[in-house]
Amino acid sequence: MSVSSRLEVLWQLAESCGLSTLQQGMQQVWGLLLLCFICRLCFRLEGISTAKHVVSALAGICGLFMFFELHMLWVLLLSGLCYLVLLMGQHSSSRGLFLSTTILIYLLIGELHLIDLVTWHKIRGCQMVVAMKAISLAFDLDRGALGSLPSLNEFLGYILFVGTIVFGPWISFTTYRTAIEGSKLSWPWLQSSSLSLLKSQICLLVSTCIAPYLFHLFIPIHGNEVTHKWLHAYENALSFHFSNYFVGHLSESISMLAGAGCAQDKDNIKWDMSVVKPLSVEMPRSMILVVTSWNIPMSRWLKTYVFKNAMKLGTFPAILVTYTASALLHGLSFHLGAVLLSLGFITYVEHVLRKRLASIFSACILSRPCPPECCHQNKKEYWVLLLNLLFSFLTIFHLTYLGSMFDPGVDEQEAEEGYTAIHTIQRWSELNWSSHWVVFSCWVFYRLIQ
């Protein structure tokens, strides 16, 4: 394709895809943004906190209705069920475990096609946010981090908080309380929210209009059939990654606009609600950092309320329990379960292998960057940098493989209902199960040098 022809195609793509994508994106969220702003103004008014909790809950219900109409009743049902369970177990010390089991049963009932599959998949994200908030509240009560069960107004205000109920992220009850205290309106607050909104729209453009055509229009690369398969897999993975960044940055913007993310630093007020770190995923040091940067609040939630509680079983079982819990929260979807459990094995093997190699060579090649005062003798030698670079490329290889199944060109009905097991197996078999074989080889190598 000549340069002039390519420029013409890119211009047509910008007109047909870029403008329409941005227009549709803003049409869907402007109402929620306005609702969050109004809610923020209400929080600034002087008055009893009960009224603020009611406003938070009502605004959250309005936000749910904007996106899901009467299907929001399933989210409200789960919210009511959670409070009922907490109320019944006020004098129990195992509220967290009991509520987690109850929520799991509720989600499984919904997943078993007792509710319209497409509808359930649409509200799955909201259900997950409600579940995470309620479970964290229950475990905090068990640990004594919260003195007593919040009132119904407080609970619903927290669970249905308009800044997080539709797109997330998970926030703690303490963060919610800080939000409704209503810190003063300021330029840094508006700037932080607007910047995140801008980032979300850029990520939406990349996901929809750039990533699917990356090696066809933007960076023309030609090769054999194997090369074509991997390039197409990378395009699919990149499109999926940026769709996640879109939701992540959008949730940052909406939650900050509603008042969450305010932190007092001496005399200064800082606004920060970091949800995703795209550079840590696209230019990774390790798969562990990818996982924690993919959804920072959820990673923190899993570590605090799942991993630490499961550590009594041992490190590897705790990792499996954590990724299994994440898979269950995301729903009974074969492709998500397969990806998350694969991630569990990949992160464990990578962690133990790099830890062993760091011990043998006394080098800073751990999964996480070493602190300046670490005891390793080799810190920034060329071979150390090369080893870290090798593991970075290995992580990109795994991400390409795992993300290959999220095909933006797949049938819309199939995407709404969730990818089938056959789709997942077909995509990975086309790539010869390469990532799984590499992980197995790394594990064998680790056992040999252990």
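So, here is what we can say about the structure in this document. (Residues numbered from 1 in each chain as written. Predicted model: local features only at pLDDT ≥ 70, side-chain atom pairs only at ≥ 80, totals over all residues. Heavy atoms only, no water.)

**Quick notes on the state of the cysteines**
In total, this model carries one disulfide according to the counting rule given. There is a disulfide in this structure between cysteine 17 and cysteine 209, and the S-S distance comes to 1.9 Å. Its S-S torsion of approximately -90 degrees makes the covalent link between cysteine 17 and cysteine 209 left-handed. Of this pair, cysteine 17 sits in helix H1 (residues 3-44) while cysteine 209 sits in helix H8 (residues 187-210); the two residues are 192 residues apart in sequence, bridging distant segments of the chain. Each member of the pair, cysteine 17 as well as cysteine 209, carries the same accessibility label: buried. Cysteine 82 carries a free sulfur, and the closest cysteine sulfur to it, the one in cysteine 126, is 14 Å from it. (Disulfide = S-S within 2.5 Å. Helix = DSSP H or I, 4+ residues; strand = E, 2+ residues; numbered from the N terminus. Buried < 20%, exposed > 50% of the residue type's maximum accessible area, 1.4 Å probe, protein only.)

**Structural notes on the packing of aromatic side chains**
Overall, the coordinates contain 26 aromatic pairs when judged by the stated rule. Here the aromatic rings of phenylalanine 240 and tryptophan 294 are separated by 5.6 Å at their centres, their planes lie at 35 degrees, and the arrangement is tilted. Here tryptophan 294 lies in helix H12 (residues 287-294) and phenylalanine 240 lies in helix H10 (residues 225-257), a separation of 54 residues in the sequence. Ring geometry for tryptophan 428 and tryptophan 433: centres 6.1 Å apart, planes at 75 degrees, overall edge-to-face. Given the relative accessible area of 4%, tryptophan 428 is considered buried. Pairwise contacts between aromatic rings join Phe43, Tyr158, Phe161, Phe173 and Tyr176 into one cluster. Note that arginine 40 overlies the ring of tryptophan 189, its terminal NZ or CZ placed 4.7 Å from the centroid. Here the guanidinium or amino end of lysine 133 rests over the ring plane of tyrosine 158, the centre of that ring lying 5.2 Å away. (Phe/Tyr/Trp six-rings, centres within 6.5 Å; stacked < 30°, edge-to-face > 60°. Lys NZ or Arg CZ within 6 Å of the ring centre and 35° of its normal.)

**Quick word on a nonpolar patch on the surface**
A cluster of nonpolar side chains, contributed by Phe334, Ile425, Trp433, Trp437, Phe440, Trp443, Val444 and Leu448, occupies part of the molecular surface with about 840 Å² of accessible area. Counting residues per element, the nonpolar patch draws most heavily on helix H19 (residues 434-449), which supplies five residues. Note that valine 444 resides in helix H19. Given the relative accessible area of 31%, valine 444 is considered partly exposed. (Patch = residues over 30% accessible without salt bridge, like charges linked within 9 Å, V, L, I, M, F, W, Y side chains within 5 Å. Areas by Shrake-Rupley, 256 points an atom, 1.4 Å probe, with all protein chains shown as cover. Salt bridge = Lys/Arg side-chain N within 4 Å of Asp/Glu carboxyl O.)

Spatial relationships are all this shows, so hold off on functional conclusions.
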